[in-house]
Every structure is written in C-alpha cells, then in structure tokens.
Amino acid sequence: MTDLWKGRFATGLDPNIRAFTASLELDKRIALHDVRGSIAHARMLGRQGIVPAEDASALVAGLEGIAQELGAGSFPWPVDAEDVHSAVEQVLAARLGATAGKLHTGRSRNDQIALDLRLFALDAFDALDRALRALGQALIARAGQEVETVLPGYTHLQRAQPVSLAHHLLAHVEAFRRDRIRVAEARRRTSVSPLGAAALAGSPYPVDPASVAAELGLDGAFRNSIDAVSDRDFVAELAFVAALCAVHASRLGEELVLWSSAEFGFVELSDAHATGSSIMPQKKNPDVAELARGRAGRIIGDLVAVLTTLKGLPLAYDGDLQEQRVPLYDATTAAPALETLALLIRGLRFDRDAMRQATERGMLAATDLADHLAARGVPFREAHEIVGQIVRDRLEAGKDLAGLSTADLRGYDKRFGDDAADGATVARSLAARRSPGGTAPERVREALAEAEAAFGR
C-alpha cells in the first residue's frame, strides 16, 4: 500500500501502529455511503470546473462500478488498506491510474468520514422508525381485541385500580409514539452535509456544498467548517434515541416477563416465540422479552461512551472520534429488538379470566367508594378516611370488598347512597373512568381510532 501521507514521513508505518489505528473491518458497513458521497463530490468537481469534465465522468463511472460490486459483495477489498476511504481509492487508482488521485481534490478524510457517518445514521434512524411503527401496530392490533378485558392497574407494583387491558397496551404505544417524534427530529438535524469543509478551514477551490447536499438528498450543507468536521451530536442523538426506545421496550419486556410467570398468569407466550430449558422440561422462558430488557443496558452504555468521549475534545477533528463508530453502530441493535418484540406481541394469548379474577381481589374498588361519597358532598379526605376504615376491617376479617351491602356501608357512614355497593364493582369502576384519556371503554375506543390513524394498520 502507498500511505496517504508518504511524502511527509521517511519510514513506513509500524505494523503494530497500523493494526491499532486501522478501521477497515469495522467500517466496511459504511463503504456504500462513502462511495455515494464520493460520486456526489466528483460530479460537483466537474460541474465547478475544478477538474476536467472528462476526468469527473471517469471518476463517477469508476465509483459507480465499485458501488455495484459492494452491493453484490464482490468488491476486491485490498488486504493492506487502512480504512474504507483508502480501500476505495486504492481500487479506483488501480483502474483509472492517476485520474483517481483527483477525487480527493477539495476534500479531506475529516469531512468525508463525517458525511459517511451521517448517511449511516440517517439509514439507522429510518430503520428505527420502521421498527417503532411495527411494534406500535402490533400493540394497537392486540389492544383492539381487548377493550373490554380488565386487569389490575398497578402503582408501586401493588394492585391499584381496574383498567382496560387495551388502555394499558395503548400506554406503551404512547411511549413509542414519542420515540417516533424524537427520531424524526433527530433525523432532521442529522440531514446536513459536511462535504466542503475539508480538514477544518474550508477549501481554496470553488466548491459547491449546497449542490452536493441536494444530490445526496440532504436538507442542507454546513454553516461552519470547523463545526462540520467536529460535530458528532448526531451520533449522540442516535445513541440517545435508541437508548430511550430500548428503555421503553425494556419496560414492556419486564411486564411480559412478570405477566407470563405462574405468579401472575396473565399471558402465555406462543411456542414459536419462547424458549425452553436444557434441564427442566416444564420451562417456557420469555427469552425475547429478557433480551430486549438486557439490550437496553447495553445501548445506554453506548450513549454514555459517546458523551464521555465528546465532553473533553477540543475543536476540530481528533482521533478520539474514531471510537464513536462502535457505539454508533451498536445503537442500531435497538431496531431488531423492537421488531422481535412486535412478533412476540402478536403471538400472545391473554388469560382474561385470570386478569378479571385478579381485579376482584385487593380492594380495587376502594377508590370508587371514596368517589361515591365525594360525589355526595363529603370532602374527599374525609371520604378517604372512611373507606380506609372499611378496608382495614375487611382485611382483619380476611375478606375483600366484594359482598358488602348498602347496609354494611351505612354502618360506617349514613351518607352512602342506595347504589354505593353496586358502584363498587369492576365493570362500574371501569366505566366510570370516562374522563379524557381514561380507561372507560368508550374512551379507549376513541384512543384506538386515533392511534390507528397515527401508526397505520
């Protein structure tokens, strides 16, 4: 290999140093992005008269051939190339001769890699959005079947109030909806071309960064050449958005782990989506949910790595930025986790009887009794105290609220109405929560229609 900087150095690079600084194997995934940027750059060089038109055409034709080979998996990777950029240049030089050397006119590896990584990140944002949409659609589809299904809603992992299962599933949809908004916003900030910034100070050639950005389908070009080559906010944003998506997926996964346990028994995983034990024949393990839960920790680590590196770097380009690639590439593992969770959701079997029975234990209608008194003019704090006494007495008697009569209730307070006992049922409790965004079936159906419109079917 001919070193890119051989004119400055009297000796070749120590093989151990080359091995430590090389990034070819890691960065082969951005090769097509690199070639795509080079094609746009070569065309601009020709349009601007920076290189002769025939040379620009030869460069474009040679690069398009390399792109086809990369797509087909037949590109002849040089074994001694330091990185993707030099590998492409080396093959191009073997085919075009000295003309290939004109490709790097008005460009540095600094703005080149900044572009490659931005293009990679844009694809990653798109893949993440598709995965979020798939998971949201799976949850919405299941929610549409479970509007009337009741389960205990929890706070502090203690049974709290009855809710519609559909309402609970749609709560997860809301988190993924916010994730999609974040993806779109971060994608827009990433869609900026740094080509033309060169090493850090700009170029003495009459380059046209705006036309390169337009050809690449980007929203615009850089405003400051120093910032263009040193900015890795888009890496941090992809890591952050991916981490938060993974956190939301982890929370869903945690519930599936709990709900599929014998202690809850609310859901059973499809045989096609569960794993077994090598020693215990009875086991049916929620490995997908657990792996999604575990992946969140890994991607959170990626975000911390990115921020920790960036916080100490002076402007403009520093070699430390090469270490940003690993967390950038790893952040893309959030999307497969979401897509696999979507498969899991579609294959679940909910045990509606087990959920309903769970709502009939644990005093879940206690708030309804307090609300009944408050609606009849009793200050809520006083109503809370009255019902708290009822709960305490029922617990001491080993009983739940089920079976209380109006006479029993009036033994605690004469202000209980004739329908107080009837109102303290699961169905009445659910139906009563008809405030906007509540769990009443009528509200849940409205929410379903809105979610379907947002995510599509």
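Here the structure is a predicted model, which is why all the values come from computation and not from measurement.

Student: Break down helix α3 (residues 31-47) for me, with residues and values.
Tutor: Helix length check: α3 (17 residues) gives 24 Å between terminal C-alpha atoms against 24 Å at 1.5 Å per residue, within 8%. Summarising burial for α3: 12 of the 17 residues are buried, a large majority. Here α3 has its buried residues at A31, H33, D34, V35, G37, S38, I39, A40, H41, A42, M44 and L45. Directly after α3, the chain includes G49, whose backbone phi takes a positive value near 70°.

Student: Residues and numbers for the packing of aromatic side chains, please.
Tutor: Here the structure, examined in full by the defined rule, presents 5 aromatic pairs. Ring centres 5.5 Å apart and planes at 90° place the aromatic pair F264 and F266 in the edge-to-face group. Looking at F264, the relative accessible area reads 21%, which means it is partly exposed. Here the aromatic cluster, defined as three or more aromatic residues joined through ring pairs, consists of Y154, W259, F264 and F266.

Student: How would you summarise helix α11 (residues 287-310) if you had to cite specific residues and measurements?
Tutor: Between its terminal C-alpha atoms α11 stretches 35 Å, which fits the 34 Å expected from 24 residues at 1.5 Å a residue. Every buried residue of α11 is listed here: A289, A292, A296, I299, D302, L303 and V306.

Student: Before we move on, can you summarise the environment of L200 with the specific residues and values?
Tutor: Structurally, L200 is set in the loop between β3 (192-193) and α8 (209-215). Considering only alpha carbons, one finds L200 and A316, 116 residues apart in sequence, at a separation of 6.6 Å. In this structure, L200 is in contact with S225, I226, V229 and A316, ignoring residues within four places of it in sequence.

Student: How would you summarise the pattern of salt bridges if you had to cite specific residues and measurements?
Tutor: Side chains that differ in sign of charge can pair as their charged atoms come close. Within this structure, the stated rule accounts for 31 salt bridges. A salt bridge links R325 to D27; the shortest N-O distance between them is 2.5 Å. Remark: D27 occurs in helix α2 (residues 24-27) and R325 occurs in helix α12 (residues 325-331); sequence separation between them is 298 residues. Residues E268 and K284 are paired through a salt bridge, measuring 3.1 Å at the closest nitrogen-oxygen approach. Of this pair, E268 sits in strand β5 (residues 267-268) while K284 sits in the loop between β5 and α11, and the two are 16 residues apart along the sequence. Judged by its relative accessible area of 35%, E268 falls in the partly exposed class.

Student: Explain the packing of helix α10 (residues 233-259) against helix α13 (residues 334-346) to me, and be specific about the residues and the numbers.
Tutor: When two helices pack together, you describe them by how their axes are tilted relative to each other and by the distance separating the axes. Interhelical geometry of α10 versus α13 gives an angle of 30° and a closest axis separation of 10 Å. For the element pair α10 / α13, the angle class is roughly parallel. Crossing of α10 over α13 shows left-handed handedness. In this structure, α10 contributes A242, C245, A249, L252 and L256 to the contact, and α13 contributes A334, L338, L341, L344 and I345. Tallied by class, residues from the contact of α10 with α13 come to 10 nonpolar, no polar and no charged.

Student: Please set out unusual backbone geometry residue by residue, giving values where relevant.
Tutor: Of note, the amide linkage connecting L315 to A316 takes the cis form, showing an omega dihedral of 10°. For A316, the position within the fold is in the loop between α11 and α12. In the Ramachandran plot, L157 falls in the positive-phi region, its phi being about 60° despite a non-glycine side chain. Here L157 is to be found in the loop between β1 (150-155) and β2 (158-164). The exposure class assigned to L157 is exposed, which follows from its relative accessible area of 53%.

Cut-off values and rules
Residues numbered from 1 in each chain as written. Predicted model: local features only at pLDDT ≥ 70, side-chain atom pairs only at ≥ 80, totals over all residues. Heavy atoms only, no water. Helix = DSSP H or I, 4+ residues; strand = E, 2+ residues; numbered from the N terminus. Expected span 1.5 Å × (residues − 1). Buried < 20%, exposed > 50% of the residue type's maximum accessible area, 1.4 Å probe, protein only. Phe/Tyr/Trp six-rings, centres within 6.5 Å; stacked < 30°, edge-to-face > 60°. Contact = heavy atoms within 4.5 Å. Salt bridge = Lys/Arg side-chain N within 4 Å of Asp/Glu carboxyl O. Axes fitted to C-alpha atoms, helices over the stretch in contact; angles between N-to-C directions. Parallel < 35°, antiparallel > 145°, perpendicular 65-115°, else oblique. Left-handed = near helix turned anticlockwise from the far one by under 90°. Nonpolar A, V, L, I, M, F, W, Y, C, P; charged D, E, K, R; others polar.

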